[in-house]
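Topology and contacts: notes
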Amino acid sequence: MSECFSLAFGVGTQNTAGNWLEVFYPQPMLHPDPKLVQVVAEQLGYSEGNQALLLKATQCEALGKALEQAGFAEAGAIVAQFAGSSRPLVATILATDEAPSSTPEAYLKLHLLSHRLVKPHGVVLAGIFPLLPNVAWTNQGAIDITELPQRQLAARLKGDTIIVHSIDKFPSMTDYVVPAGIRIADTARVRLGAYVGEGTTVMHEGFINFNAGTAGTSMVEGRISAGVFVGKGSDLGGGCSTMGTLSGGGNIVISVGEGCLIGANAGIGIPLGDRCTVEAGLYITAGIKVALLDDADNIVEIVKARDLANQTDLLFRRNSQTGAIECKTNKSAIQLNEMLHAHN
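Residues numbered from 1 in each chain as written. Predicted model: local features only at pLDDT ≥ 70, side-chain atom pairs only at ≥ 80, totals over all residues. Heavy atoms only, no water.

So the rule is basically this: UniProt positions are given in the numbering used here, feature names are shortened, and annotations may be inferred rather than shown by experiment.
The name that an unreviewed UniProt entry assigns to the protein chain is 2,3,4,5-tetrahydropyridine-2,6-dicarboxylate N-succinyltransferase, with the source organism given as Halopseudomonas xinjiangensis. Database annotation for the protein chain, UniProt heading Pathway (unreviewed entry): "Amino-acid biosynthesis; L-lysine biosynthesis via DAP pathway; LL-2,6-diaminopimelate from (S)-tetrahydrodipicolinate (succinylase route): step 1/3."

1. Some remarks on the nonpolar core
So the rule is basically this: To define a nonpolar core, start from buried Ala, Val, Leu, Ile, Met, Phe, Trp, Tyr and Cys residues and group those joined through side-chain atoms within 4.5 Å. Relative accessibility under 20% of the residue-type maximum defines a buried residue, over 50% an exposed one, and the middle range a partly exposed one, all with a 1.4 Å probe and only protein chains included. Helix and strand definitions here come from DSSP, where helices need a minimum of 4 consecutive H or I residues and strands a minimum of 2 consecutive E residues; each element is numbered from the N-terminal end. Contact criterion: two residues are considered in contact whenever any of their non-hydrogen atoms come within 4.5 Å of each other.
Ranked by internal contacts, the top residues of the largest apolar core, which has 38 residues, are Ile262, Leu272, Val278 and Phe316. Among the elements of the structure, strand 10 (194–196), strand 24 (289–293), strand 26 (314–318) and strand 27 (325–329) are those that each provide at least two residues to this core. Leaving out residues up to four positions away in the same chain, Phe316 has contacts with Ile270, Leu272, Thr277, Val278, Glu279, Leu282, Ile284, Leu308, Glu326 and Cys327. The next biggest cluster of nonpolar side chains, apart from the first, holds 28 residues, and it includes Tyr107, Leu113, Val123 and Phe170.

2. Examining helix 4 (residues 103–114)
Note the threshold: The span one expects for a helix is its residue count, reduced by one, times 1.5 Å.
Taking 1.5 Å as the rise per residue, helix 4 with 12 residues should run 16 Å; its terminal C-alpha atoms sit 17 Å apart, in good agreement. Along helix 4, 12 of the 12 residues are buried, which leaves the element largely enclosed by surrounding structure. Along helix 4, the residues that are buried comprise Thr103, Pro104, Glu105, Ala106, Tyr107, Leu108, Lys109, Leu110, His111, Leu112, Leu113 and Ser114.

3. Observations concerning the UniProt feature "active site" (unreviewed entry) in the protein chain
The feature "active site" (unreviewed entry), as given by UniProt, occupies Glu221 in the numbering adopted here. Turning to its location among the elements, Glu221 is positioned in the loop between strand 14 (219–220) and strand 15 (223–224).

4. Digging into the sheet that holds strand 10
The test is simple: One bridge is not enough; two strands pair if DSSP finds at least two bridges between them.
Here we have 4 strands laid out as an open sheet, ordered 10-13-16-19, and parallel in their pairing. Since the sheet does not close on itself, it has two edges, and those belong to strand 10 and strand 19 (255–256), each with one partner. Alignment of strand 16 (residues 229–230) against strand 19, held across 2 bridges, turns out to be parallel. When the sheet's bridge partners are listed, Val230 is paired in strand 19 with Val256.

Here is the structure:
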């Protein structure tokens, strides 16, 4: 069998109508061995395309043994654990990376991101929202919102209480995967589908959306919106914000380079290059006018902030007397920015 984009075995939750609410994949695979895919295909009757195949618990023992005999002991052990389970089981095969067409496919792609198998913008997520039902996330797992009142009543009659943590399309990442080498003070603020690089600390007010995250060591006390990827060694101060890709405002993909600092309550609507600093409280939107300064703080040129997108070694600040937004070479940078000093 030819190369497959991704494959995973999962256990999930369905509502009383048999519709998927969520799926947990303990060990998703990216570009799995074609021989492994062949074994799965033969056991489950898979032929081609992207499919989410319902697994019967009785199939799992045979599939687990077949995988082990073919030399895939780890995958076989996972499937073998499913044998005898009364939970909804699924084998999701993505032959190619294209827009997901089912809830199990959508959840597999979110898992690939949070397992650090792909980076933000590294997997097709077009059309994902209709495939993610709005779910009550509770201490008893995912519950269909329309079925929640009856479940709450049944629990009360037994002397129990269902605690609803959130009503959302996305669950907490850490309910599905905890990447190595991270700290998260409030796990509810990091959604499944976030890519949290090793060495990252997310403080209580920090937030990371799906298809967004950090490449490596970073301190996150602000908001990393959907689609935004933050480079290694960059810090986001308390209450700061990055403009995401879901709420309009042009087609610029926002990112933060390495070694950057976005001050408390500041924000960006342009991608930053490496070693850039945005002063606390200053929000840089794409169309805002910025005065470029030389080393003597003389104005060289007035440009729109979008013209500075992805430029390195910049310091954005607001003039405390005039209120004008200014930009000059970041004094902590090793090299001077050629664009800012071309007229010196």
